[in-house]
Amino acid sequence: MRPIVLALPVFAAVLAAAPAQAVEIIDPSRYQVTEIAAGLDHPWSIAFLPDGSMLVTERNAGLRVIRDGALLPDPVANVPPTFVSGQGGLLDVVLHPDFAQNQTIYLTYSSGDDSASATTVARARYDAAAHALLDVAVIFSAYPTKDTPQHYGGRMVFLPDGTFVLTLGDGFNFREQAQKLDSDLGKFVRLNADGSIPADNPFVGREGARGEIFTYGHRNPQAIVFNPLDGRIYAHEHGPQGGDEINLIEGGRNYGWPAITYGLDYSGAIITPYTELPGMEQPLHVWTPSIAPAGMSVYTGDLFAGWKGDLIVAALVSTDLRRIDMEGGKVVGEYSLLAEREERLRDVRMAPDGALYVLTDEDDGKVLRVVPVE
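Not measured: the values here are computed from a predicted model. Within every chain, residues take consecutive numbers counted from 1 along the sequence as written. Note on the predicted model: pLDDT of at least 70 is required for a residue's local features to be given, and 80 or more for side-chain atom pairs to be given and counted; whole-chain, interface and lining totals, by contrast, use all residues. Side-chain measures were taken over the full set of non-hydrogen atoms in the model, leaving aside hydrogen atoms and water.

**Considering the overall build of the protein chain**
For step 1, the next point in the chain: Each helix is a run of DSSP H or I of at least 4 residues and each strand a run of E of at least 2, with the numbering of both proceeding from the N terminus. Looking only at helices and strands, the protein chain has two helices and 25 strands in total.
For step 2, the next point in the chain: To get the radius of gyration, use the C-alpha atoms; to get the globule rule, take the number of residues to the power 0.38 and multiply by 2.2 Å. Taking 2.2 N^0.38 as the reference for a compact globule, 374 residues should give roughly 21 Å; the C-alpha atoms of the protein chain span a radius of gyration of 20 Å, in line with that estimate.
For step 3, the next point in the chain: Along the first, second and third principal axes, the C-alpha atoms of the protein chain reach 60 × 50 × 35 Å.
For step 4, the next point in the chain: Burial status across the protein chain gives 56% buried among its 374 residues.
For step 5, the next point in the chain: Computed by Shrake-Rupley with a 1.4 Å probe, the accessible areas treat only the displayed protein chains as cover when residues are assessed. Of the accessible surface of the protein chain, which amounts to about 14700 Å², a share of 51% is contributed by carbon and sulfur atoms.
For step 6, the next point in the chain: Across the protein chain, 28 positive and 48 negative side-chain charges occur, with their mean positions spaced 3 Å apart. Per-residue accessibility, obtained with a 1.4 Å probe over protein chains only, is compared with the maximum for each type, and a residue is labelled buried under 20%, exposed over 50%, and partly exposed between these values. Within this scheme the basic residues Lys and Arg register as positive and the acidic residues Asp and Glu register as negative, but His and the chain ends are omitted. Each charge is placed at NZ for Lys, CZ for Arg, CG for Asp and CD for Glu.

What follows is the structure in structure tokens.
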């Protein structure tokens, strides 16, 4: 899709179309930050195991383990070969809902090479004693491959019915494919735990459409969560210049990219004159200018009083953590914390005890634990 360069007044009008944001700063004296681990190479995701240890992915390296409060020196063995370039590498780590019984984990990563890469999902059994993955199997790889190392998506979440939803980016140079149902680019796909396609997916049986597609019209989705308190799926994605979004995700819906957006192209060109069109979903929340939202968690614990049901978003460009106050499926407030650290934040997850664990996106990446101060 060729950008349309419009005059400055139109440029300003598009920027003004995005909803204004009011962000309240949380005083750093109200929370305590503890460094749990350091020396990680751009950590990307974290998962909590039943025995209290943690799995952490490094985008440029491998799968690491934090056990008894210490980062083990060696990465987990038998991680699938990963294409590390640009935004690609080892991405998400997610536990099977029955992990305590089957020790099964899922890894998302970029596979391939400079000429043809794709977001891929592998399933494996984690053997803590052997410090290795066993029975590794690739169960999904996005179609078509692309020759750009950007916009992989790669976040996944299990739903109560045992299926999972995986986010897939538009590949940066292929944004028009986000509106095409014969391509996985710019889509969310829904799969069974073994990688097969659920029979009740919205586009199963439609001619010219890929059956795995759950939703379409996405740009660069960096988080997806299921909120057990309201039964809804929420996701966010990067806009271009401005127009970062939080969306309520419902199967079969079109989220508009690139036909509608609140953002501008990096050149300053207008991508589209439209911020809304019939049949396309409006975001619940828009950030302009962009904060570059990364990981996200639903807060369901009791440690942070009054936060239950809220979305907690890690941000790369604004270098802070955002608490998105949710009431009845709508955003009613926004709060910022950790900005005083001036670190790019890649992921945030709620631990079983209600603490927040945050990953910093750096060569010397850290795992931080955040709790309120009584």
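**Let's talk about the pairing of strand E23 (residues 345-350)**
For step 1, the next point in the chain: Summarising burial for E23: five of the six residues are buried, a large majority.
For step 2, the next point in the chain: Two strands are said to pair when DSSP picks up at least two bridges between them. The pairing of E23 with strand E24 (residues 356-360) spans five bridges and is antiparallel. Note on E24: the bridge partner recorded for Met350 is Leu356.
For step 3, the next point in the chain: What sits between E23 and E24 in their antiparallel hairpin is a turn of five residues, with Gly354 showing a positive phi close to 95°.

**Focus on the packing of aromatic side chains**
For step 1, the next point in the chain: Side-chain rings of Phe, Tyr and Trp, where Trp is taken by its six-membered ring, are said to pair if the distance between their centres is within 6.5 Å; with planes under 30 degrees apart they count as stacked, over 60 as edge-to-face, and otherwise as tilted. Under the defined criterion, the tally for this structure stands at nine aromatic pairs.
For step 2, the next point in the chain: Between Phe48 and Tyr357, the ring centres sit 5.2 Å apart and the planes meet at 75°, which makes this aromatic pair edge-to-face. One end of the pair, Phe48, is in strand E3 (residues 43-48); the other, Tyr357, is in strand E24, and 309 residues separate them in sequence. In terms of burial, Phe48 and Tyr357 fall into one category: buried.
For step 3, the next point in the chain: Seen from their ring centres, Tyr106 and Phe164 are 5.7 Å apart, and the 55° between their planes marks the pair as tilted. Placement of Tyr106 in strand E8 (residues 104-113) and of Phe164 in strand E12 (residues 164-167) is noted, with a sequence separation of 58 residues between them.
For step 4, the next point in the chain: What makes Phe164 buried here is its relative accessible area of 0%.

**Structural notes on empty space enclosed by the protein**
For step 1, the next point in the chain: A cavity, in this analysis, means grid points on a 1 Å lattice covering only the protein atoms where a 1.4 Å probe fits yet has no way out; a pocket is instead an open set bounded by protein on both sides within 12 Å along at least five of seven lines, and a residue lines either one if it has an atom within 4 Å of a point. Grid points are joined across faces, edges and corners, and a volume is the space filled by probe spheres set on the points. Evaluation of the coordinates by the stated rule reveals two cavities of 30 Å³ or more.
For step 2, the next point in the chain: Taken as a whole, the largest cavity encloses approximately 50 Å³ of empty space.
For step 3, the next point in the chain: Considering the residues around the largest cavity, the lining is formed by Gly217, Arg219, Glu237, His238, Gly239, Pro240, Gly243, Glu245, Tyr255, Trp257, Ile260 and Thr261.
For step 4, the next point in the chain: Each residue gets one label: Ala, Val, Leu, Ile, Met, Phe, Trp, Tyr, Cys and Pro are nonpolar, Asp, Glu, Lys and Arg are charged, and the others, such as Gly, are polar. The residue makeup of the lining of the largest cavity, split by class, is four nonpolar, five polar and three charged.
For step 5, the next point in the chain: Volume-wise, the second largest cavity comes out at about 30 Å³.
For step 6, the next point in the chain: Lining the second largest cavity are Thr119, Ala142, Lys146, His151, Tyr152, Leu168, Gly169 and Leu185.
For step 7, the next point in the chain: Its residues assigned to classes, the lining of the second largest cavity shows four nonpolar, three polar and one charged.

**Quick word on the side chain of His42**
For step 1, the next point in the chain: Mapped onto the fold, His42 is located in the loop between strand E2 (31-40) and E3.
For step 2, the next point in the chain: Only heavy atoms matter for contacts: two residues are in contact if any of them lie within 4.5 Å across the pair. Once you skip the residues sitting within four places of it in the chain, His42 turns out to touch Thr57, Glu58, Arg59, Asn60, Asp361, Glu362 and Asp363.

**What about the confidence of the model for the protein chain?**
Low pLDDT means the predicted coordinates in that region are not meant to be read closely.
For step 1, the next point in the chain: Per-residue confidence from the predictor is reported as pLDDT, a score between 0 and 100. Put simply, the protein chain has an average pLDDT of 94, and 94% of its residues get 70 or more.
For step 2, the next point in the chain: Contacts of residues 1-17 to residues separated by more than four positions or lying in other chains number 21 contacts, the stretch itself having pLDDT below 50.

**Side note on the environment of Ser117**
For step 1, the next point in the chain: Along the chain, Ser117 falls in strand E9 (residues 116-127).
For step 2, the next point in the chain: Separated by 26 residues in the primary sequence, Ser117 and Tyr143 place their C-alpha atoms 9.6 Å from one another.
For step 3, the next point in the chain: Setting aside its immediate chain neighbours within four residues, Ser117 contacts Phe83, Ser111, Gly112, Thr145, Lys146, Thr148 and Tyr152.
For step 4, the next point in the chain: N or O atoms closer than or at 3.5 Å make up a polar contact, with two conditions inside protein: a donor-capable atom paired with an acceptor-capable one, and, for residues adjacent in sequence, both atoms drawn from side chains. Polar side-chain contacts of Ser117 include one of 2.9 Å to the side chain of Tyr152.

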